[in-house]
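So you can see what is in the structure, the chains are spelled out below.
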Amino acid sequence: MTKGLKQKYISSAFLLLLSTVVIKVISAVYKIPLTNYIGATGRGYFSVAYNLYMPIHAITMGAFPIALTKLVSTYNAKGESNKILALKRASRKLFFLVGFVGLVIMLAAAKPYTSIVSSPNSIYTIIALAPCVFFSCLGASRRAYAEGFLDMKPTAVSQTVEALFKMVFGLLFARMSMNYFYNIYVQTGCVFNEVVSNEQEALLFIYPITSAFAMLGGTLGDFISYVFLVIYDKINYNGVCKDKVQVKQAYAKLIGFSCALVGATAIQSFSGFIDNSSIQYFLSLCNADVLGKQYAVSSQEVLSYVFGIYAVDLDFKNLIPSFVMALGITAVPAVSASYEGGQGDFSSLLTSIFKYTAILSVLGGVLMALFPSELLGVLYGKNNPDIVTNGRELLFWFGVTALPCSFASTTVFCSQSLGFAKESIPSFIVSALARVGVNYLLITNNDINIIGTAFSNFIGFLIIMAWNMCIICKKTNAKIDLVKVLVKPVCCGVFTYFAVNFVKQNVFPFNNSIVFLVINVSFCLLLFITLQFLTKSITLSELKRLK
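Computed from a predicted structure; not experimentally measured. (Residues numbered from 1 in each chain as written. Predicted model: local features only at pLDDT ≥ 70, side-chain atom pairs only at ≥ 80, totals over all residues. Heavy atoms only, no water.)

Asker: Just to check I follow, could you spell out the side chain of Asn449 for this structure?
Answerer: Looking at the secondary structure, you find Asn449 in the loop between α16 (421–443) and α17 (452–476). Looking at Asn449, the relative accessible area reads 0%, which means it is buried. There is a polar contact of 3.4 Å between the side chain of Asn449 and the side chain of Gln294. If we ignore the near neighbours within four places in the chain, the residues touching Asn449 are Leu283, Cys286, Leu291, Gln294, Tyr295, Leu442 and Ile443. (Helix = DSSP H or I, 4+ residues; strand = E, 2+ residues; numbered from the N terminus. Buried < 20%, exposed > 50% of the residue type's maximum accessible area, 1.4 Å probe, protein only. Polar contact = N/O pair within 3.5 Å; in protein donor to acceptor, adjacent residues only side chain to side chain. Contact = heavy atoms within 4.5 Å.)

Laid out in structure tokens, this is it:
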């Protein structure tokens, strides 16, 4: 592996990490007031909509962009510029068709799906979310093309623009719709021409519509992000292939390479869909009266409420994979170029990618495990203290089990970029079966209920992680240094947890003080990073490559 390729990989990944931090800050600013508007019940509607959206989005955004990035990277390593231009033109048509089909599927599936999961009011949110599939696909064709050159600027900027406008329009539409319908209730005692007896009943009518309007802001954010990508593409990648024969060949090549990825991504997405659906179903098998007493919510609303608590905690849990995703996305062209182009020590590149993935995953998990009440309290303690009380235990276990949940995505990206998508398919099937089995055993237990999702996720993603690492090593003969990749980061994480927990309890207890929270978090970060240098997991020479 040449120093230039590794340096470009680290720099590109660092750029995506920075943009991800900005995006997550924007997302938090968006979700905090939104949750305060609609509560945990309203967030339940959001979750149902995204459960349908994510499998469709994952297939369209997971398979085809990876294929395009992989092929552009391969041809660029070989200096075949004509084939690259042909791919660009072919991808525009393919991504348009895929996006349109995804949009139609989501609209067609909205009513049947909401009936299956017993959440008919979620249909409005699903309809508002559906166009995001189309605009995401159109934008993905331009992002993936640039990523093939390890140019992550359009990805970083477009995702930031999307998050920013999603926040602006989402909160604006949510507030306007809430104020409008609530004022009608105050003035007339009716909502949508239905007489309601109290405020709580009125809100149950208003929340689904407010959620849909908030989701519409996300659709507008996707559209504006796409406009930016069109402009960036015309300025930086304006070349066009006029050879129709080459374009047809590129189209066939793109579809051919995507087929295995589509199969793997479809099964991966379907397994995630089954997992989420099983959570809702097995939760419904619990005794509603017992859950109602446990969460201090009426038995009629408790299932939506508990799933809403799960959704709130999932926001924090998904932060870690979101940061780690930058390493996975950047790994596609870097791994492809190194393996296909024979650029030096391929094993060293894989070890570096996996090592940084583990370090970020462990650090995120330690922070969540140490500060579950504090994190929830800072964001929701004032307006929704029940979320803090009922969500902290699940968030703690999400932190403890974070490593494989984040690590798995990077191994999948690397496996698929090397052309081993078919070989990874069984891992998703086995993972899905394992997760559903664990969900059944744990969630149906009234005392455990939603906490069981942390353990089912841990086992399921551990299977995917180990399976794909074995595939990569077996197929490429790569030798990954597991001491650097797993042993050192995990040991540093365990030591950091117990050391900071001691300081937190005996020296700087939280006591609702933001200052003490900042001190404890800063100590945690400083200690963990120091341990990385002491164990030589990170070296100064690696940091210099960011320049």
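This is not the end of the story, as more comes after the structure.
Asker: Would you mind going over the packing of helix α2 (residues 64–78) against helix α5 (residues 131–147) with me for this structure?
Answerer: Angle between the axes and distance between the axes are the two parameters that describe a pair of packed helices. Across the interface, α2 lies against α5 with an axial gap of 7 Å and an inter-helix angle of 30 degrees. What the angle tells us is that α2 and α5 run roughly parallel. For the element pair α2 and α5, the recorded crossing hand is right-handed. Along the contact surface, α2 presents Pro65, Leu68, Thr69 and Val72, while α5 presents Ala140, Ser141, Ala144, Tyr145 and Glu147. Class assignment for the residues of the contact of α2 with α5 results in 6 nonpolar, 2 polar and 1 charged. (Axes fitted to C-alpha atoms, helices over the stretch in contact; angles between N-to-C directions. Parallel < 35°, antiparallel > 145°, perpendicular 65-115°, else oblique. Left-handed = near helix turned anticlockwise from the far one by under 90°. Nonpolar A, V, L, I, M, F, W, Y, C, P; charged D, E, K, R; others polar.)

Asker: Just to check I follow, could you spell out a nonpolar patch on the surface for this structure?
Answerer: On the surface, a cluster of nonpolar side chains totalling about 520 Å² of accessible area is made up of Phe96, Leu97, Phe100, Val101, Val104 and Ile105. With respect to the secondary-structure elements, Val104 resides in helix α3 (residues 81–116). Judged by relative accessible area, which is 42%, Val104 ranks as partly exposed. (Patch = residues over 30% accessible without salt bridge, like charges linked within 9 Å, V, L, I, M, F, W, Y side chains within 5 Å. Areas by Shrake-Rupley, 256 points an atom, 1.4 Å probe, with all protein chains shown as cover. Salt bridge = Lys/Arg side-chain N within 4 Å of Asp/Glu carboxyl O.)

Asker: Can you help me understand unusual backbone geometry in this one?
Answerer: Excluding glycine, residues mostly have negative phi values, and the peptide bonds linking residues are mostly trans. Unusually for a residue other than glycine, Leu150 sits at a positive phi of about 60 degrees. Positive phi is not limited to glycine here, since Asn449 has a value of about 35 degrees.

Asker: I'm lost on α2 in this one. Help?
Answerer: One turn of the α-helix equals 3.6 residues, which is why residues spaced by three or four share an orientation. Across its 15 residues, α2 extends 21 Å between first and last C-alpha, which sits within 8% of the 21 Å expected from 1.5 Å per residue. With 12 of 15 residues buried, α2 lies mostly within the body of the structure. Listed as buried for α2 are Phe64, Pro65, Ile66, Ala67, Leu68, Thr69, Lys70, Leu71, Val72, Ser73, Thr74 and Tyr75. Positive backbone phi, at 75 degrees, marks Gly79, one or two positions downstream of α2. (Expected span 1.5 Å × (residues − 1).)

Asker: Teacher, can you tell me more about the pattern of salt bridges here?
Answerer: Opposite charge on two side chains permits pairing when their charged atoms draw close. Under the criterion given, the structure shown has 7 salt bridges. Between Lys475 and Glu423 there is a salt bridge; the shortest N-O distance is 3.8 Å. Separated by 52 residues along the polypeptide, Lys475 in helix α17 and Glu423 in helix α16 bring together distant segments of the chain. Given the relative accessible area of 42%, Lys475 is considered partly exposed. Through salt bridges that share partners, Lys88, Arg92 and Asp233 make up one connected network.

Asker: Would you explain the environment of Gly263 in this entry?
Answerer: Within the fold, Gly263 resides in helix α8 (residues 244–284). For Gly263, a relative accessible area of 25% corresponds to the partly exposed category. Along the chain, Gly263 and Ala421 lie 158 residues apart, while their C-alpha atoms are 8.0 Å from each other.

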